[in-house]
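A closer look at the structure
Here is how the chains run, residue by residue.
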Amino acid sequence: MELSIKDMEDEAKKYGKFIKELGELKESAPEIFGVATGTKLDELFYYVEFDEKTQKFKKKILGGIPYRSVLNIVGIADTGKSVFAEQFAVYQAAHGYKVLFVTVESPAEFLYSSLKQKAYALNVDFDKVEENIIVVDASKSYQFRENVMSVIKTMEAAIKKKHCTVTVIDSVTGFYEHREVMARQIVRALFNFLKQHKQTALFVSQKRSSQQAESAEAAGGLAVAHIVDGTIILDKKLIETRFDQSLYGLPIGSVLRTIRIDGCRLSAHDSDTWVMEITDKGLIKIKEKLSDVIKKQKTK
Ligand SMILES: Nc1ncnc2c1ncn2[C@@H]1O[C@H](COP(=O)(O)OP(=O)(O)OP(=O)(O)O)[C@@H](O)[C@H]1O
Ligand SMILES: [Mg+2]
C-alpha cells in the first residue's frame, strides 16, 4: 500500500516521540558503575578511561555488574545459578539496597531459609537483609505464572512499594516451561519493564538437555541471549578419566565448576573461563583462570 504525503505526515506526528537528537539523550544516559555481587565477578567487568595527564587509556575495574544491566545466568541443572542469584540479592540487601526477588522455582518459604543461610555465610546482618528484600512468589500458581502481564503488574507494585533498584528472577524459564515459542515475547516484556523501572537485574535461565553446556543458549533458544544485555555461563564437569585428572589436577569423581562472562553489551569484560567453587556454606567463590590451572598442571 502506497502512503500519501498526508499519511506520512500523520505517521511522523504519531511516532515523532521516537526521534531524538543525540544531545537530548545526555541527561537520561545511565552512569557507568558496578553493582556488586560480592564475588570476584565484580573484578571481571571493566571500563576504559582516558587519562588527560598521561594521554593514555587506563583500564578500570567496574566493581560489579554494570548498573542498569539485565544479565542472564545460564547453566545446566545444579551449576550454582540459584546460589549466585541469591548471593547477589543478599549482598545487595545487606548493603542497603532494595531488592525484588521473583521466585518461580523455589517456594518463598524455602527461599527465606536459603537467603538466611547466605546472610550467615556472608557474615552480614540478616535483619537488614529481611528489611530490604521483597519477594514475589510465582512458584505456587500455574495461572499466575502463565500470565506474564499479571506477573509484571505485581512486580511493579512490589518495586514501587519498596523503591527497589535491583531485581532477581529465578528463573525466567518458569514463565514459558511448556511454551518455549513464547520465550522471546515474555523475556522482551520483562526486559522492557525492568529497563523502564531502571533496575539492575539478573535472570536465571535453565538449559534443555540438548543444548551445549558451555553456550549462551537456554530454554527458548537463543532468543533470550539476544534480548538481554549479557550472559554469564555456569558449567560443571565431572572428572572421569585419567586424562581429566592430570589436565585439571583433580581426583577422578570430583567436579570442576566454571564461570564465564559470555558477552555484555554495556561494558568491557574478561572473557576467560574461571574455576569456581561452591563452598560448604553455599557461597560462590571464583578462584583462578582455567587456563592457569592447566598451565600449572603441565609444569608439574
Ligand atoms: N547451602 C549450600 N551448602 C553447600 N552446597 C550448596 C548449598 N547450596 C547449594 N549448594 C551446592 O550448589 C549446587 C548448585 O545449586 P543451585 O541450586 O544453585 O543450582 P542451579 O544451577 O540453580 O540448578 P537448577 O537449574 O536445578 O535450579 C547444589 O547442588 C549443591 O551442590
Ligand atoms: Mg536453581
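Presented here is an overview of the structure given in this document. (Residues numbered from 1 in each chain as written. Chains lettered and ligands numbered in written order. Predicted model: local features only at pLDDT ≥ 70, side-chain atom pairs only at ≥ 80, totals over all residues.)

1. Observations regarding the packing of helix α6 (residues 148-162) against helix α7 (residues 183-196)
To characterise two packed helices, one gives the angle between the axes of the helices and the distance between these axes. As a packed pair, α6 and α7 sit with axes 11 Å apart at the nearest point and diverge in direction by 15°. Relative to α7, the element α6 is oriented roughly parallel. Relative to α7, α6 is oriented so that their crossing is right-handed. Contacts from Val148, Ile152 and Met155 in α6 reach Ile186, Ala189, Leu190 and Phe193 in α7. Here the residues of the contact of α6 with α7 sort into seven nonpolar, no polar and no charged. (Axes fitted to C-alpha atoms, helices over the stretch in contact; angles between N-to-C directions. Helix = DSSP H or I, 4+ residues; strand = E, 2+ residues; numbered from the N terminus. Parallel < 35°, antiparallel > 145°, perpendicular 65-115°, else oblique. Left-handed = near helix turned anticlockwise from the far one by under 90°. Contact = placed C-beta atoms within 7 Å. Nonpolar A, V, L, I, M, F, W, Y, C, P; charged D, E, K, R; others polar.)

2. Notes on the sheet that holds strand β9 (residues 200-206)
The sheet built from nine strands is open, its strands ordered β7-β6-β8-β9-β5-β10-β11-β13-β14 with mixed pairing. The sheet is open, and its two edges are formed by β7 (133-137) and β14 (284-289), each paired on a single side. Strand-to-strand twist of the sheet, defined as the mean angle between neighbouring strand axes without regard to direction, takes the value 25°. Taken together, the six bridges between strand β5 (residues 70-75) and β9 define a ladder with parallel strand orientation. Across the sheet, isoleucine 73 pairs through a bridge with valine 204, a residue of β9. Contacting β11 (255-264), β13 (273-278) and β14, helix α10 (residues 290-299) runs over the sheet at an angle of about 55° to β14. (Pairing = 2+ DSSP bridges.)

3. Description of the nonpolar core
Residues Ile73, Ala89 and Val168 are the most contacted members of the largest nonpolar core, which totals 71 residues. In terms of residue count, the dominant contributor to this core is helix α2 (residues 81-94) (eight residues). Other than its neighbours up to four places away in sequence, isoleucine 73 contacts Lys81, Phe84, Ala85, Leu202, Phe203, Val204, Ser205, Ile232 and Leu234. (Core = buried A, V, L, I, M, F, W, Y, C linked by C-beta atoms within 7 Å. Buried ≥ 20, exposed ≤ 12 C-beta atoms within 10 Å, placed from the backbone.)

4. Observations regarding the site of ligand 1
Close to ligand 1 lie 14 residues; Ala77, Lys81, Ser82, Val83 and Gly282 are nearest. A per-element tally of the shell around ligand 1 places α2 first, with three residues. (Near = placed C-beta within 6 Å.)

5. Regarding α6
For α6, with 15 residues, the first-to-last C-alpha span of 21 Å sits near the 21 Å given by 1.5 Å per residue. Here α6 has its buried residues at Val148, Val151, Met155 and Ile159. Angularly, the buried residues of α6 cover 70° about the axis, an arc narrow enough to put them on a single face. For α6, the exposed residues set more than 90 degrees away from the buried face come down to Met149, Lys153, Ala157, Lys160 and Lys161. Contact partners of the buried residues in α6: β6 (99-103), β7, α5 (142-146) and α7. (Expected span 1.5 Å × (residues − 1). Arc of directions from axis to C-beta.)

6. Looking at the environment of threonine 37
Along the chain, threonine 37 falls in the loop between β1 (34-35) and β2 (45-51). By the C-beta count within 10 Å, which is 24 here, threonine 37 ends up buried. Along the backbone, threonine 37 and lysine 60 are 23 residues apart, and their C-alpha atoms lie at a distance of 17 Å. Once residues within four sequence positions are removed from consideration, threonine 37 is found in contact with Asp42, Gly64, Ile65, Gln87, Phe88 and Tyr91.

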